[in-house]
Amino acid sequence: MHPDLADSDLSRPWPLRCGDNDDSTRNPGGDEQVGIATKTRAKPKKPSQFKVLMLNDDYTPMEFVVMVLKRFFQMDLEQATRVMLHVHQKGVGVCGIFPYEIAETKVNQVMDFARQNQHPLQCTLEKA
Ligand code: TYC
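No experiment lies behind these values; they were computed from the predicted model shown.

Caption draft 1: Molecular detail of the side chain of Asp57. Of note, Asp57 is situated in the loop between β1 (49-55) and α2 (62-73). Among buried charged residues, Asp57 stands out as having no salt bridge; its nearest opposite-charge side chain is Arg115, 13 Å away. Within polar-contact distance, the side chain of Asp57 engages the backbone nitrogen of Thr60 at 2.6 Å. Leave out the neighbours within four places in its chain, and Asp57 touches Pro120 and Leu121.

Caption draft 2: How the structure looks around the site of the ligand. The local shell around the ligand consists of Met54, Leu55, Asn56, Asp57, Thr60, Met62, Val65, Met84, Val87, His88 and Leu121. In the model, a nitrogen atom of the ligand is placed 2.8 Å from a nitrogen or oxygen of the Asn56 side chain. Take His88: an N or O atom from its side chain is 2.9 Å from a nitrogen atom of the ligand. If the ligand stood free it would expose 350 Å²; the protein chains cover 89% of that surface. Contributions of two or more residues to the shell around the ligand are made by β1, α2 and α3 (77-90). No other element matches the three residues that α3 contributes to the shell around the ligand. Its residues placed into classes, the shell around the ligand shows seven nonpolar, three polar and one charged.

What counts, and where the lines are drawn
Residues numbered from 1 in each chain as written. Predicted model: local features only at pLDDT ≥ 70, side-chain atom pairs only at ≥ 80, totals over all residues. Heavy atoms only, no water. Helix = DSSP H or I, 4+ residues; strand = E, 2+ residues; numbered from the N terminus. Buried < 20%, exposed > 50% of the residue type's maximum accessible area, 1.4 Å probe, protein only. Lys, Arg positive; Asp, Glu negative; His and termini not counted. Salt bridge = Lys/Arg side-chain N within 4 Å of Asp/Glu carboxyl O. Polar contact = N/O pair within 3.5 Å; in protein donor to acceptor, adjacent residues only side chain to side chain. Contact = heavy atoms within 4.5 Å. Near = heavy atom within 4 Å. Areas by Shrake-Rupley, 256 points an atom, 1.4 Å probe, with all protein chains shown as cover. Nonpolar A, V, L, I, M, F, W, Y, C, P; charged D, E, K, R; others polar.

Written as structure tokens, this is what we have:
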């Protein structure tokens, strides 16, 4: 489940509608009554951000990591080299900070690309 929904009033399953109280046109002639939740959040939460982290390993070539950072994180050669060397030396580094869905997509793209090229490169998410 999306982490923003995990502890939320809005995480209930169907049926749930926001801000629509007009039931009169639905369920025509039907006798079963379906409750329609109409709770609207007074103060909308801004979507939480997630760090995409790259992990070091002993086998993935440095050039491949640089290629990944350029391709999926829009870094130039200099930035990508700096981040790759940071990960190589410290063990972990931040590739970028994104809303959950985007961060998750980036992790999957990196992991798929690494797998296709038979490199053990690992990438993960962490709440920012
Ligand atoms: N440590 C790897 C090597 O020496 C390079 C590397 C850097 C691998 C960053 C993964 O996320 C990584 N070839």
